[in-house]
Structure formats: C-alpha cells, structure tokens
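The lines below spell out each chain.
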Amino acid sequence: MTIGTSARAAGARALRLPRHPVLSYTLRRLGLTLLLGLGITLITFTLSALVPIDPVVAALGERAAGDPDIVANYRAKHGLDEPLPVQYWVYLTGLLRGDWGMSLQTQRPVLQDLLSYAPATLELVFATIIMAVVFGVLLGLAAALYRNRFPDHFARVIALLGVSTPIFWFGIVMILIFFAQLGWLPSGGRIDPTMPKIQGGTGFLILDTISAGQPAMLWSVMKHLVLPSIVLGLSTLGLIIRITRASVLEVLGNDYVRAGHAKGLSSGTVVRRYVLRASAGSILTITGVAFGGLLAGTVLIETVFTWPGLGLYAYRSATSADLNSIMGVTLFVSVSYILVNLIVDLFYMILDPRVRLT
Amino acid sequence: MSIENATPPTTTSIPAAAERRRMKISATLHVVKRILRMPLFAVGLSIVGVWLIVIIFAGQIAPFSPNAQLGIALSPPSWEHLFGTDALGRDVFSRVVHGSRISLVYSVILVTAAMLIGTVIGMISGFFGGRLDEILMRLVDLFFAFPVIILAMAVAAALGASVQNAVLAGIIVSWPIYARTVRGLVVGYRDAEFVVSSRLAGMGSGRSILVDLLPSIAGPTLVLATQDVGAAILLLASLSFLGVGAQPPMPEWGAMISEGVTYFSSWWIAVFPGLAIVTVALAFNLLGDGLRDMFDPKMKRSIQRKTK
Amino acid sequence: MAKTAIRRIAAATLAIGASVALVACSGASVEGGGNTGDEANATLIFDLGLEMTTLDPAQIFDVSASTVDQAIYEGLVNYKPGTDEIQGVLADSWEVNDDATEYRFTLKNDITFESGGTLTSADVEFAFNRLKNIQGPPAYLMDGLTVTTDGDDVVVISSEQPRPELLAMLVSSNFAVYDSEAIIAEGGLSDESAATDDTAGSVFTESSFGTGVYTLEDYEPNAEVTLALSDNWRGDAPDFTTVIVRDSRSIQQQSLNIQNGGSDVTISLSSPQVAELDESKVNVLSQALPQVIYLQLTNSGGPTTNADYRKAVALGLDYDGLVEIAGAGALQGTSVIPTAVLGSIPEDDVIARDVDAAKAALEASGMADQELVISFGSDYSVGGQDMGLFAQKIQSDLEEIGMTVTLDGAPTQVSRTANQEGKVQAALWPFPPDFVDPSQFLIHSPGGLLAERAHWAVEDNPEIDALAQKAMIVIDPEERAAAYEEWARAVRETNRYISVVEVPQNLVTSKRVGNLNMDVAGNVSFETLTLEQP
C-alpha cells in the first residue's frame, strides 16, 4: 500500500498540470481507478488462491486427476506450476497487454468471455434502471405531492418491501405466478429458443432485433426481460422512491418554488420546471451508486432466471476455482462501477455547476 | 444506506453538569413520545419484539426439534404441521422458528462487528487525518468498488462454506460504509468548539475521541446499523441460497428456500422461510427509518414546519 | 421560451440519432428470415446443466458434452437405442480372437464426414491415438491398447492383456471418429507431441467433423448448444431437425418448463419431483442408472479405521427410508457394482438395518464417543437427487444408534479436492462410470485410484486384490459375472463402501415427444424421438 500511495502522490503531482478543473479532476479520478483496479486484482487473487479447490480436480476428470503425468502437464500448460507471486505477476503483465488469461471452464480467453456475456447483463441492468427510475420517480413524486395520503403510504410500502425482500426468493415466486400459473411470461433465458439465431450484432438483443427488422423477436426479448428486471430492480426502486420523495419535499420548501406558485404557475409547470430539475442530481447520483449493486445482484437473478450473463459466469467461476475468470469478472464489474460513477459525477457537475470539485 | 451526512451542530456552549442531566431526562421523554406518534416505527418495534420472543423461547414454541425426521414427507400445512413438512419429513414451522436463532442472531453479530470495525477505522481516519486518512479512505474506496455478492461469495468460497464464514464475508463487505460515515462525522465535529475547547483544556486525543466524539457519532451510526440488519439478513440468506453459506441440516432460512425450490408444488417449504426473512428485514428497516427521522436534523426541520 | 424549445428539439434529435446509429451499427441479421410454425415444431429443447468445457471427443468427460458429441459424432459401435445391445455403427462387422487381445473392425463403405473427407481406417487410428496422446481426462481409456490399420477398411485394436470390456468401452463418446485430415489441418496431432502441441481442441466448438445425424450450429458455453440436421446424414431424417441443449440448473425451472411448453426434454428430475408433475402434460420413462450412491468410510483417521465401527454404520442405516426418499424406481444398492451392471450382487441380497446389532457393534468398537464427519458435494445431484438430502437422512439414522455425526457439505469441487487429497473421513458420492462395465468399478479395489485416496492399500487386503486381478481377465460372460460378484462380495464384507441407494434416471418429455428411450448408460438418442401431433 505504501508504494501505491507514494506512486499516487507522484501521479497527483504530475496530474496537477492541466489547468482545466474538470479535466484535471477526471484525470485524477482515472488515476485512482487504476490504483483501485490494482488493489482489486490483488485481493481477488489472494482470495481465489485461498479457495480450497484444486483447479486441476475441477478441470480434469476423476481418473485423469489421479495421473501425475496428466496433472503435471495440465499445470504447466496453464501456468499453475509457478509459485503464486509469479502467477500474479504473469497475470498483471498479461493484463497490460490485453491478455486476461484463459478461462478453465470455457477454454476461451477470459476477455472474450467477458465481452460475450457482458451485453446480456448490461441489457438486463439498463432495463432495470430504466424501469426503476421511471416508476421510482413517479411514485416518489406522488408520495411527496400527496404527503401522508394514500400515494405516500403506498410508495412507502413498496419502498420498504423493495429493500426487505430477498430477490432470489421473490424471483421464484414471480416465476410461479407469471409463468406456471398464468402463463403470461417466460421463466428464464433471453429469447424464445426456437427463434432463429441472430448473426453478428452487438449482443444487445433489443438493438439487434430492431436492426434485423424482427418485431416478433423484439417482442420475445422484451417479454423475457420483464420478470428479471422487475425482480432485480426491486431494491433500487425502493431507493429511488425514497430519494425522490425526500429531495422533492426539500425543493418544495424552497423559496423559488413558492415564488413560482405565487407567480401563478400551474402545479404541473412548477413540478416540471423546478422540482424535477432540482431533484435530478440526487436521483442521478443514487442511480450511479445503485448500478454497482445491480451488477452484483445479477449473480442471484441470473442464477434464478438462467440468464446467460456475467453473474452466472461469476458464480460458476467462483465455485470451480476458475482463477482467471473470477479475477476477470470482478475486475470488469468493479471498474465499470467506478467508471459509471465517474461519468455520473461529471454529469452532475454539468447539471449543477455550483458543485465544487473535491 | 443513508446518503446525507449529518451536519454538525452550530451551537456549542458547554452546559453545566446538572443542566445536562436535566436535558437528558427530558430528551428521553421526548423520544418516547415521538415513538408513540410514529405508528410504523411502533409496528417495526413490535415485529422485532415478537421475533425476540421467538428466539428466546424457540424450544418452547416449536412443537418439534428442527431436525427431527417425522416420517411424513412433503405434507401440506395442517393443524399438526402449521407450515407443512419438507422432503425429509421435518416440520417447517419448527425449522422456521429455530432458524430465527441463526438468521437473526448471526445478522446482528455481522452488523455489530462491521459497525465496530468501521467506527474504529473511521474515527482514526477522521481524527488524525493526513496520510493515514488518505490510505484508509482509499482502502474504503477499494471495498466499495467490489461487487458485494461476488466478493462475499469469493470470501465464503475461500474460507469454506459455513454460516460463520458467511458472516465473516458479510463483515468484510459491510464495514466500509461505517468507516466512511463515521469519518465524515468526525471530520465535521473535529473542529467544533466543544471538541477544540476540551482539547485546549488539556485533554489527550484518545480521551477527546471517547468523551466528545463518541456520543455525537453514536446516534447516526446506530441508525445506519439498524437499517443494515435487514440487509445483512438478506446477504446471509443469499449466500446460503448460492450454497456458500449455512450447510445442511442447519435450519437457516436461505438454505431452506434453496432446498424448497426443488419441490415447487410443495410451495410451503420455500414460502414460509421467505416470509420470515421479509418480516424481519421489514421490521429492521422500519426501525431504522424511525430512528433516522428522530436523529436527522433535516427531517426534524420538516416535521417542525409541518406542526407550525 | 424559444431557446428551450430549440434545445429540446436538439436533444431529441440527438437521442434519436444516437439510437438509430446504435441499431445500425449492430449489423445484426437473422438467418433464413422468420420461422414458420413447422420449423418451431421440429425443434427439440433439452434442459440440461451444461458443464462442458470442450466438445473435443479426446478431452470431454461430462454428461452434457458427451450428450452433444453423441449427436454429432459416431464411433465404431454403439448401443441400439433404448437397449444394452451393442451394434455396429461405423464398423460393419468385427472379429475377436479367443483370448480377447485382438479386435478387428471392418468399416462400412462410403461414409463421408461433414467436413468433406471419406471415412478410412486412418481416421479411426488418428482419433484413437490422439485420445491416448493428448493426455486429456479420458486418456486412460487407451492404456495398454495399440491401434493399427490393415488396409483402408480394417482397424485392429490389440492389447497384451485380455480386454473383454473393449466393446462396451468403444461405445463411449470419447471414441468418436472424426475427419483426421480436417483436424490435422487445424493443428491436430496424434503422436506423443499431442500433449503439448495439439491446437485443434477448440475447433470442435466451431464446427463439426463427424458423420452423425446432427451438425453443430451454435455453441455458447454456459448458455446453449444448437444442433441441426446435418446435410451429410446418410440415413432417414429424424422428426426433430433441430435440437437445442439449453443450460438449466434450476430443478424447479425445469419442472415448470416441461409442463408449460417451455422445453421438451429433461433428465434431471428426481422421482419425487416427477411424481409432482401433471401427468396430462408430460411423458415419463424411468430407468435404473448404472451408478450407486455409497458412503465411503476411509482409513484417513478417526473411527472409520475401526472395522466394528464400520459394521455399526452398515447396520445402522435405514435403507428402506433412504430408498423411499429417492422415490419410485429407486433400489437399495447391493455393492459398489450397480445392479444394472454385469457381475453385481442380486437385488434381494442386501444388508438390512438392525439397530440392536448396530448398537452392539458400536459398543464393541469402543469408538462411540468419536465424531464421524461425512463429506459430500452440497450442490451435487444424481438423477435429480440432492446429495444433501441423503446425507441428512444418514446423519439422523446414525445418531439414532448413538453415533455423533457431523455433515461437511461443501461445493462439489471443494469436496472433491479434499477427497482427492485423502483428507476425508467419510464421503457420500456416486461413482458414474465412463462406460457400462464392471471393470470400471475396480477403481474401488484396494490399491485402485479411489481406494488409494482412502488410504486403502493392496497390502491391507491382498486377497481382494487377487480377486480383482482375476476378474479383469476372465472372458466368458458367465464366468466373468461370477468373478466380479465374488470380488464385489469381498469388498462389501469390509464395509469400506456402504452401498446406499441406486436412483433411476427419469426421462421426462413434453406430450409432443414420443418413442422415449434410454440406453443402458442413460443416453437418449435424439434422432429416434418422434414428434407426436396432439
């Protein structure tokens, strides 16, 4: 840690050069991200090395794992015969060259795995965020405007249940109701498996189906997204309801809003022009914070809905001692979380220039 | 969970001892009155109370031993078996009741440990500042950046699957929020007059932390911890569900759900432990909300405005 | 006001522009346009936990990979679908010498690979030698075997020792034959350098090089594998022209899917789960699997080193109760050789529970105060049965006779690692054989791989080792069965492996699937399933 800090201090001195405040702030944060990335790989590596699973046992069958020649061969092939610090060093230098190592479970480069599973997870997370923000803001707004009346109580109950319900259990209950009982929605997966395969594309099935001009497939993708995104978004929804309600209440008490009312502007205009704009900042921030939780929550949701994304990949990697994969997925998720929050903060500054750079 | 940092008070004359005692009593009375005026808080308090009774008298409340295999597998809820029986013929009601001793108790241990560790680190960081503060806060950033479940899963997998290790994993992912919050509070209070004056009066930094700072940060930290118990229960249940937490035959609620989902027609096996989790988490969230309303100056202001 | 309006329009334009750009950039297209109703009907969706890491026949070792390879590739021989009768597939005929040390296979003529080549004996030789030399998980199958060719049509497999099990072994999908020229072009090797220099392993997940009914259309690890009718297939077209093997780990989801039209086939449901299904919505075929779940009591330390203690465990288990938990079609195991396999001890010759005798044995052991730790894979299941369920029942049974039992459930790979390192006192596992033959179970004999991990050496029971050595080389089927049964009884006497229960495999399909069948190994042949019009 000491080396890291002095390096950072030196970095910070070097980064002090650019005069533009936003730019220098961004650079400083990016430098910090690098440092955090390093820390994340170190911790993940240490943890994974502690897992009492011999990767050879996981990757080879019963008999082969009992054959010393095959085992030695396998270890040499995957660099598992080196001491741990050397393995870590090899991994780090590989990262810098864009080589994230090979996954033991898919026999593909980890980076390729991450890129092929990320769209599934991100599509789910984005759908979740959109749902949570739309419903969260509406409910939170209603709660604030009709304080202590029915909408407020309703929103409060939803928000409370949202943070008190185990999502894996809720997911199962939803599948039982909407798939098994009512037959309205599918039980898992991203698209009806009997539909033709999409060639090329981004991996974001909504974009791909639109681009391929397949409304029926788009419909299927949307239907598959409904349950997982509702379930995953439950806790975020609760958070956004609370924040919206609180910040709207605060804004409503401000003088300029009262002045707006006094000027004779309609309530709708006041809400649109002042209240939502003023609350946008805190809603944005909380969404950024929630993003990390959502990415992590996909481990549970993807297991329940067999959603072929990063969460399922992380789960399988952790339970089969697939070192490179678990490192890759943790690094990928953490760094995207850090970057998303950086972007959110920058947006926030643009929205509200009064925010000081700290 | 709370994002707004409490702002330090601006008035800072040091009251006399007698005056202080009088203020304390009236404050306590005030709090009791306030609780009565907040029905949701009272509801949360009662649910927690009920569960406390269940924990203490689990042996008396549960009609059967949680692991007794009674020979009637997968029987639906009836008078004899209120919540039905599971695949091994164990009474689900008894298991849910005994499960409270695991899920609730371990969650509280988790939160307490995380709170203590986080508070100590946050205080050190905030009080001493400088290079140490910088290092500690970067460490906090590091843990914040980790995806919670994935880190907890990795820790639990590394240490071996058991409920104790799941708790340890929970502590590792939960302490940073306390460290950050407490540091924020300490930095806010550090230069407040009442702290500065006692230090001028010759109080050492250790004593100063204990006497001046601890009482001021205890409130917000406890609020945070109360809300966190709900989250901790969910985390422990999730880890068990993923197979890296409590192991059979332990009647842990998450593990029970995971066992129950393979028998979808026998819905009672998974539904009741799930409901147990929801009620407990809900209760602690209600408590936490209520406490926050009491401590949060902003909220106080809005309440005052309302009564005006 | 005007300014705001302009800004708004600008923002909206920007947003729409960005989305259009994104969609345009995606460049996605759909092969063959939309799907018609017929096409959808001819698709078979198979829900299965996908564990595969490769589709290279020389390296696969799990059920899901072998399920897929069975559909794409063929070997010399295979079971006639739904039976235990071996028939020629790529081999037209074969001859065995009297001491079972030389097998001569004559290949069928004019069989072509999907990748272009025509089948010759060189392809077989290449595939088998590659299996041996690439040093993958199944390489041991080739131990002691030499493959040679005699002209383009004849393959000779010879060995020093008699190998009566060879035909059964060749059924395994590790002995699949593929287009050697195409694989050599992809960097495939069959000589000793294969272990380090072979680079063809990954091409098997990109396209197919086989002669089978189906071709690999799409491979997405952890998600799904799509198989389509091969243009190259020489026989009649199957009813189901597309097979999607889809990853599904959740038993509950599989049950729901199969009843509600979400899938067509699953083999992962246990009998009690099948009993919960709505009979009007599914077809079920239940069949014994050639595996037995047993409790292994090792020499690693603790009470299990004591023979009386082991006897107490054997007499203390409530076998009837365990079988009941496993549901319809389950049986009590008779020995380490499953009852469906040649050489097993007959079904009715089992250990019965005797609580008093068990208590007496426990007392005689003087180890009643010791703790018994049973290790098992908490996420491992066989035939849809959770190991944890049996472990908890066993714990409760043994506590009844006065033992102190602790369960040590852990993720499968953790348990397996501990087992491999010989650190386990007692373990609850099934042993799924790589092919259906009693020789597979000799791994349990003293000095065998599994016994070695339990610190059970040849010196401990040389007489049992002698029985094993004898059984290995007997050729006549009847004498062979007798020799293996004698060995199995001797192993059972030691109470080192206490056979607990054999669970059936349940093939559950949607109503539109007919002609359900499983061969003796539990494999379903997709091409023989029929599409029924309700």
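Predicted model only: the values in this text are computed from it and were never measured. (Residues numbered from 1 in each chain as written. Chains lettered and ligands numbered in written order. Predicted model: local features only at pLDDT ≥ 70, side-chain atom pairs only at ≥ 80, totals over all residues.)

A. Fine view of the overall build of chain B. Along its length, chain B carries twelve helices and zero strands. Order of helices (α) and strands (β) in chain B, N terminus to C terminus: α-α-α-α-α-α-α-α-α-α-α-α. Out of the 308 residues belonging to chain B, those deemed buried represent 51%. Looking at chain B alone, contacts between residues at least 24 apart form 70% of all its contacts between residues at least 6 apart. (Helix = DSSP H or I, 4+ residues; strand = E, 2+ residues; numbered from the N terminus. Buried ≥ 20, exposed ≤ 12 C-beta atoms within 10 Å, placed from the backbone. Contact = placed C-beta atoms within 7 Å.)

B. Local environment of the overall build of chain A. A tally of regular secondary structure across chain A gives 14 helices and one strand. In chain A, which comprises 358 residues, the share counted as buried stands at 49%. Across chain A, contacts joining residues at least 24 apart in sequence account for 69% of those joining residues at least 6 apart.

C. Region of interest: the environment of Pro196(A). Residue and element names in this part refer to chain A. Looking at where proline 196 falls in the secondary structure, it is placed in the loop between helix H8 (167-181) and strand E1 (198-199). With 17 C-beta atoms packed within 10 Å, proline 196 lands in the partly exposed category. Separated by 62 residues in the primary sequence, proline 196 and valine 134 have C-alpha atoms spaced 32 Å apart.

D. A look at the interface of chain A and chain C. Taken residue by residue, the interface counts 54 residues in chain A and 53 residues in chain C. Those elements that provide at least two residues to the side of chain A that touches chain C are helix H3 (55-59), helix H4 (68-77), H8, E1, helix H9 (205-211) and helix H13 (310-319) of chain A. Of the residues assigned to the side of chain A that touches chain C, the class counts are 28 nonpolar, 19 polar and seven charged. Inspection of the sheet shows E1(A) paired to strand E1 (residues 29-30) of chain C by two bridges, in the antiparallel sense. Residue pairing for E1(C): Ile198(A) is matched across the bridge by Val30(C). (Nonpolar A, V, L, I, M, F, W, Y, C, P; charged D, E, K, R; others polar. Pairing = 2+ DSSP bridges.)

E. Representation of the sheet that holds strand E14 (residues 293-297) of chain C in the model. Residues and elements named next belong to chain C. Spatial ordering of the open sheet is given by E15-E21-E14-E20-E16-E19, a layout of six strands whose pairing is mixed. Only two strands of the sheet have a single neighbouring strand rather than two, namely strand E15 (331-332) and strand E19 (404-410). Pairing analysis gives two bridges linking E15 to strand E21 (residues 497-502), with the strands arranged antiparallel. Among the inter-strand pairings, glutamine 332 is bridged to a residue of E21, identified as valine 501. Most of the contacts of helix H13 (residues 387-400) go to E19, to which it runs at about 170°, and overall it touches E14, strand E16 (371-377), E19, strand E20 (426-430) and E21. (Axes fitted to C-alpha atoms, helices over the stretch in contact; angles between N-to-C directions.)

F. Representation of the interface of chain A and chain B in the model. Listed as interface residues are 40 residues of chain A and, on the opposing side, 35 residues of chain B. Elements supplying a minimum of two residues to the side of chain A that touches chain B: helix H2 (21-50), helix H7 (150-164), H8, helix H12 (267-304), H13 and helix H14 (323-351) of chain A. Take the side of chain A that touches chain B: its biggest share by element is eight residues, from H12(A). The residue inventory of the side of chain A that touches chain B, partitioned by class, reads 28 nonpolar, twelve polar and no charged.

G. Examining the pairing of strand E6 (residues 102-107) of chain C more closely. Residue and element names in this part refer to chain C. By the alternation rule, side chains of E6 split into Tyr103, Phe105 and Leu107, which are all buried, and Glu102, Arg104 and Thr106, of which none is buried. Looking at chain direction, strand E5 (residues 91-96) and E6 are connected through five bridges and run antiparallel. Residue pairing for E6: valine 96 is matched across the bridge by tyrosine 103. The turn joining E5 and E6, which pair antiparallel and follow one another in sequence, is formed by five residues; a positive phi near 55° is taken by alanine 100.

H. Structural context of the packing of H7(A) against helix H11 (residues 268-295) of chain B. Running from N to C, H7(A) and H11(B) point in directions that differ by 120°, and their axes come no closer than 8 Å. In terms of orientation, H7(A) lies oblique with respect to H11(B). The interaxial crossing formed by H7(A) with H11(B) has right-handed handedness. On H11(B), the residues that touch Leu160(A), Leu161(A), Val163(A) and Ser164(A) of H7(A) are Val278(B), Ala281(B), Leu282(B), Asn285(B) and Leu286(B). (Parallel < 35°, antiparallel > 145°, perpendicular 65-115°, else oblique. Left-handed = near helix turned anticlockwise from the far one by under 90°.)

I. A look at the sheet that holds strand E11 (residues 242-247) of chain C. Residues and elements named next belong to chain C. Strand order in the open sheet formed by seven strands is E9-E10-E11-E2-E12-E22-E13, with mixed pairing between adjacent strands. Each of the sheet's edge strands pairs with one partner strand only, and the pair in question is strand E9 (214-220) and strand E13 (282-288). Neighbour-to-neighbour, the strand axes of this sheet turn through a mean angle of 20°, independent of strand direction. Judged from the two bridges that link them, strand E2 (residues 43-48) and strand E12 (residues 265-269) form a sheet pairing that is parallel. Opposite aspartate 47, over in E12, you have threonine 266 as the bridge partner. Packing against the sheet, helix H8 (residues 251-259) makes contact with E2, E12, E13 and strand E22 (504-510), and its axis sits at approximately 145° to E12.

J. Region of the structure containing the nonpolar core. Ala152(B), Met153(B) and Phe390(C) are the most contacted members of the largest nonpolar core, which totals 346 residues. Those residues in contact with Met153(B) that sit more than four places away from it in its chain are Val299(A), Ala318(A), Leu239(B), Leu242(B) and Val244(B). (Core = buried A, V, L, I, M, F, W, Y, C linked by C-beta atoms within 7 Å.)

K. Structural detail: helix H10 (residues 253-260) of chain B. Burial within H10(B) is extensive, with eight of its eight residues counted as buried. By the burial criterion, the buried members of H10(B) are Trp253(B), Gly254(B), Ala255(B), Met256(B), Ile257(B), Ser258(B), Glu259(B) and Gly260(B).

L. Just the packing of helix H11 (residues 319-326) of chain C against H13(C), in detail. All names here are of chain C. Orientation of H11 relative to H13, taken along the N-to-C sense of each, is 155°, at an axis distance of 10 Å. For the element pair H11 / H13, the angle class is roughly antiparallel. Seen along the crossing, H11 lies across H13 with a hand that is right-handed. Contacts between H11 and H13 involve Gly321, Leu322 and Ile325 on the former and, on the latter, Leu389, Phe390 and Lys393. In terms of residue class, the contact of H11 with H13 is built from four nonpolar, one polar and one charged.

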